[in-house]
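If you want the building blocks of each chain, they are given just below.
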Amino acid sequence: MVRLPLILGLLLLHQGLCFEFVIDGEWEDERSGMRDHRERHKRAILTSEEEEDFEAIRGEDITVRSYKMESRITSRFAHTTVRSAVVNSGSKAQSIGFNVQIPKRAFITNFTMNVNGITFMGSVKEKTVARNLYAQARAKGKAAGIVRTNSQDMETFKTEVHVPPGSNIEFELHYQEMMQRRLGFYEHSLYLQPGRLVPQFQVDVYIYEPNGIAKVEAPNNLGAQFDELIKVTSTKDKAHIVFKPSLQQQRKCENCTGSAIDGVFVVKYDVNRDSNAGELQVSDGHFVYFFAPTNLSPLPKNIVFVIDVSGSMWGVKMKQTVEAMQAILDDLTIDDHFSIIDFNHNVRCWSEDLVPGSSIQVADAKKYIQSIKPNGGTNINEALMRAIHILIKASNQGLIDSRSVSMIILVSDGDPTVGEIKLSTIQKNVKRVMREEFSLFSLGIGFDVDYDFLERIAMENRGMAQRIYANHDAAEQLRSFYSQVSSPLLRRISVLFPEDSVSDVTQNRFDKYFGGSELVVAGKVLPSDISTLTGFTTASAARMDLTLEADTDTTLLDTELAKLQHAFTGFAKQLWAYLTIKQLISDRSLATTAAKKRRITQRIMSLAVEHQFVTPLTALLVESEDAQERLLADSPRDPRHGCCSGTGSGPLAPIQVVYQPPPWVQIATPAPPSQVDKGPQDELVPPKVTLVDNDPHFIIHLPRSDMDVCFNIDSKPGHILNLVSDPGTGLVVNGQLIGSKRVHKNKLNTYFGIISIYYQPEGVSVKINNDSISMTDGMNNHSFTWMATANISQDGVRISIVKDSHVTITINNNIQVMVLLHRAWKKNPVSVDFLGIYIPNENQYSPLVHGLIGQFSNEPDVNVYNIHQGADPLKKEATMEVKGNKLLVTRGWQKDYRRDKKRGSDVYCWFVHNSGKGFIDGHYTDYIVRDLNSFLHEP
């Protein structure tokens, strides 16, 4: 049975000053998994709270001097402060209310109140400790209280204070939350409903993002009259949003006494992402790693939609669900597979098998959805069993791509009434048959549904739950949720750190990453002599495995934060505690034994007290300086929760999946900066290679003769030169020329701006330019920047990127190409960024290989003789016999930039004039091809 606390309301008086004490009902775990009609009735009644008129300040004949909200967001973590000053200007004592709607995911950290000079200071304590201290004060006739109730996306913090006429009251509430990225934006919401005119009304939002702010906006949701009053100021890494309407500007009309401010103040922003490797930040002995890669192709999806069509779905709920499903089905592609199950007391399948998301199948599914007539009971257990069976059947028949994402999306508005109705048994049944590679997402429509059950069953099956509010925009809520999971980009993501560099790491293994979202990992940084922290992320994308490396200086951010006036300097420590507590609360709900649950409970309480978070297990004790007057702020569980005990014979703990990095990834403690700064190490490629660098200078190394021969190609910007063309192995290496910014010394220098490596057997093309490295296989496109070290592997092609230095492409472990990045000084009037290419002579080509470089895989006989003094006394001349030609050659040197990109190392060679004429087969124009993937001599 569900029980309410004995005390629901209490009014106590003391010396003309009293406080109304109210604690919201806390629903206890239901051990049996059953509930009776009374609980369903209670859940329904509580929805009436949503219809209440909300006012930030309540009371008659009061003067609100000021109402101010300030949020400081640093690295996606927000600290919000709400302050208000009020005077009881009436002639009688009365209760004055202070109400603040806060996001459900936020933790209150403090509340203070000053009443006629008596200051009440808050401190978070274990709930039992706080209640005991509060009870002592209450016994003396000194009491006050706080209530939290529920709304759609927010919770309402309430307090009331009963004060004599003329009393001055100042309220101040603090809460913290981590911004969650959805559909490419972080969204910060502040509810502005003062309920009256306020002389000093102001909202300030300060944002600081170390990596830079990509976009920031504050769309006006408050009414047309405020269009020009919301000011947004932003720089590279900071933004300030202010809303400060005057008393006259707040009025509903020119002579009105009511306030027009009634709505949600929203700030949306996103950050710069230099690379797909993520953003690693260190502050105050803690690290935070943000991972939100882009420019990756989505993975194919296998989805079984499970839709509740019981009688309670009749009317608006079903209409909105059908409307949402129309749009969702339109989003499917031919690479996706899907089926639909609808259930009431019976379970029906639109298709017993997964079918492709073709236009014909989608059209047929839409007709089926439109024909549904809700009626009957709710058989959730059988519906989920059938959905899982469809996925298992497709997997056993080999119809599911091993790199696709398989998911079940359950939409329901009620509790089971037919078949298996014990919720804990349904959880066990689903967990028992659900495969590791499947996920379950639960959508609960309205309040007459056990959301706690939906959340549990999703959470322990690698999914998530969301409540859908049964109102006019329910269809949009459904579509929005689907948008969040409709673009899976990565699977099996692991975030790893070198041994002995970090501790107390939050969840660092994730089943999936969806486009537009963000994965966050935090932890403590262990003391070290090295001032660099490095993190490695491994994941699987469409046909591709990758490892990304992110690093950061452990001292720079704290130095920067100390300079900023409005930054949240303790963000990293609080964000780590926030994530840790949230995860522990989830773990506690899934604990399989009472002992385990107790251990987790103690850990939550310890962290919450240390970091001053009001959680379901802690309370905020607010007391006067002499500790004679006390208030208590509880954080009760959602009153609509209430199933499924986490103790005794509860659900089995989820299997901990450990994703290992690919065997070719070497994860080691990074070298000290003095060594790292030296750039690429000597062992990256052999000591002597064939290369093309600078303008473009070709250096052909002839191993048998132990000789280097050089020549230049003076072609035009835009021309694509074939370097290696091997129809036998299916490999092509081409380079496209770019020109310098202007003519210098009567010559326009040209360089390689793009290098393309195409491996025809797998259809994989790697294109490297000065900004990015992209890989495409004809179906999928992935892009990476030079801003992070990364390893990518697909179909025998491996790409190894070293940050701001070079990239190495390896084909089937027997062909290697290294491309070196040269950065020019941005203000240089002539030079541009360009690429150099370095190819080992040990590459194993077929006998059919050709190209400006490839032709020398079959080394020609070269004889150099008649060495004599040339016109330049520093450069000797000689005669070279090669391929039946006698050439006048000059002794000189070119540069190999692998070890020193600024100065290069000298390579002495015999220089062949006239663009290599006589040394290369034919004329250099014979090697100009039509596109970056063209083989030589293609029509």
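Quick note: structure is the one above.
Described below are features of the structure shown in this document.

Conventions used here
- Residues numbered from 1 in each chain as written.
- Predicted model: local features only at pLDDT ≥ 70, side-chain atom pairs only at ≥ 80, totals over all residues.
- Heavy atoms only, no water.
- Phe/Tyr/Trp six-rings, centres within 6.5 Å; stacked < 30°, edge-to-face > 60°.
- Helix = DSSP H or I, 4+ residues; strand = E, 2+ residues; numbered from the N terminus.
- Buried < 20%, exposed > 50% of the residue type's maximum accessible area, 1.4 Å probe, protein only.
- 1 Å grid on protein atoms, 1.4 Å probe; cavity = no way out; pocket = protein on both sides within 12 Å on 5 of 7 lines; lining within 4 Å.
- Points joined across faces, edges and corners; volume = space filled by probe spheres on them.
- Pairing = 2+ DSSP bridges.
- Core = buried A, V, L, I, M, F, W, Y, C linked by side-chain atoms within 4.5 Å.
- Contact = heavy atoms within 4.5 Å.
- Disulfide = S-S within 2.5 Å.
- Polar contact = N/O pair within 3.5 Å; in protein donor to acceptor, adjacent residues only side chain to side chain.

A few words now on the packing of aromatic side chains. Ring pairs (aromatic) are described by centroid distance and by the angle formed between their planes. Enumeration over the complete set of coordinates arrives at 24 aromatic pairs. Pairing F305 with Y482 gives two aromatic rings, centres 6.4 Å apart and planes at 45°, and the pair type is tilted. Within this pair, whereas F305 is found in strand β21 (residues 301–308), its partner Y482 is found in helix α9 (residues 474–485), the two being separated by 177 residues in sequence. Take F305 and Y482: they sit in the same class, and that class is buried. Through a chain of ring-to-ring contacts, the aromatic side chains of Y67, F201, F226, F243 and F265 assemble into a single cluster.

Unoccupied space between atoms shows up once a probe the size of one water molecule is rolled over them. Throughout the structure, instances matching the rule amount to four cavities of 30 Å³ or more. Roughly 70 Å³ of internal volume is contained in the largest cavity. Lining the largest cavity are F305, T321, A324, M325, I328, I409, V411, L443, L478, F481 and Y482. Only α4 (316–330), β25 (405–412) and α9 provide two or more residues apiece to the lining of the largest cavity.

Here we come to the sheet that holds strand β19 (residues 279–283). The strand order across the open sheet formed by four strands is β19-β20-β31-β29, and the pairing between neighbours is antiparallel. With one partner strand each, in any of the chains shown, β19 and β29 (502–503) form the two edges of the open sheet. Relative to strand β31 (residues 519–525), β29 runs antiparallel, the two sharing two bridges. Across the sheet, the residue bridging to S503 is K524, located in β31.

Our next topic: the sheet that holds strand β18 (residues 263–271). Spatial ordering of the open sheet is given by β12-β13-β18-β15, a layout of four strands whose pairing is antiparallel. Where the open sheet ends on each side, the last strands, each with one partner, are β12 (181–182) and β15 (213–217). With seven bridges joining them, strand β13 (residues 185–192) and β18 adopt antiparallel strand pairing. Residue pairing in the sheet places L190 in a bridge with F265 of β18.

One finds L490, I768, M880 and F919 to be the most contacted residues of the largest nonpolar core, which totals 90 residues. When residues of this core are assigned to their parent elements, the largest contribution, five residues, is made by strand β41 (residues 750–759). Aside from chain neighbours lying at most four places away, what touches M880 is V709, V862, N863, V864, N885, K886, L887, V889, W910, V912 and F919. F120, Y175, M179 and A260 belong to the second largest nonpolar core, which has 56 residues in total.

Counted by the stated rule, this structure contains two disulfides. Each sulfur in the disulfide pair C253 and C256 lies 1.7 Å from the other. Of note, the bridge from C253 to C256 carries an S-S torsion of about 95° and is right-handed in sense. Accessibility expressed as a relative area gives 36% for C253, which makes it partly exposed. Covalently, C710 is tied to C909 through a disulfide, its sulfur atoms 1.9 Å apart. Measuring handedness by torsion sign, the sulfur bridge of C710 and C909 sits at about -120° and is left-handed. In this pair, C710 sits in strand β38 (residues 707–712) while C909 sits in strand β53 (residues 905–912), placing the two residues 199 residues apart along the sequence. The two residues C710 and C909 agree in class, both being buried.

Moving on, we get to the environment of E437. By the element assignment, E437 lies in the loop between α7 (423–433) and β26 (438–445). Classification of E437 as partly exposed rests on a relative accessible area of 30%. Excluding residues within four positions of it along the chain, E437 makes contact with S395, S406 and R491.

Relative to the helices and strands, D401 is located in the loop between α6 (380–396) and β25. Taking the C-alpha atoms as reference, D401 lies 7.8 Å from P300; in sequence the two are 101 residues apart. Polar contacts involving the side chain of D401 include one to the main-chain amide nitrogen of R403, which spans 2.8 Å.

Burial runs high along β13: seven of the eight residues are buried. Linkage of β12 to β13, two consecutive antiparallel strands, is achieved through a turn of two residues, within which L183 is found at a positive phi near 55°.

Now for helix α8 (residues 451–459). An α-helix turns once per 3.6 residues; consequently, residues spaced three or four apart project the same way. With seven of nine residues buried, α8 lies mostly within the body of the structure. By the burial criterion, the buried members of α8 are Y451, D452, F453, L454, R456, I457 and A458. Residues of α8 that are buried sit in contact with α6, β25, α7, β26, β27 (465–468) and α11 (571–589). For α8, the capping residue at the N-terminal end is D450, with a side-chain oxygen 3.2 Å from the backbone nitrogen of D452.

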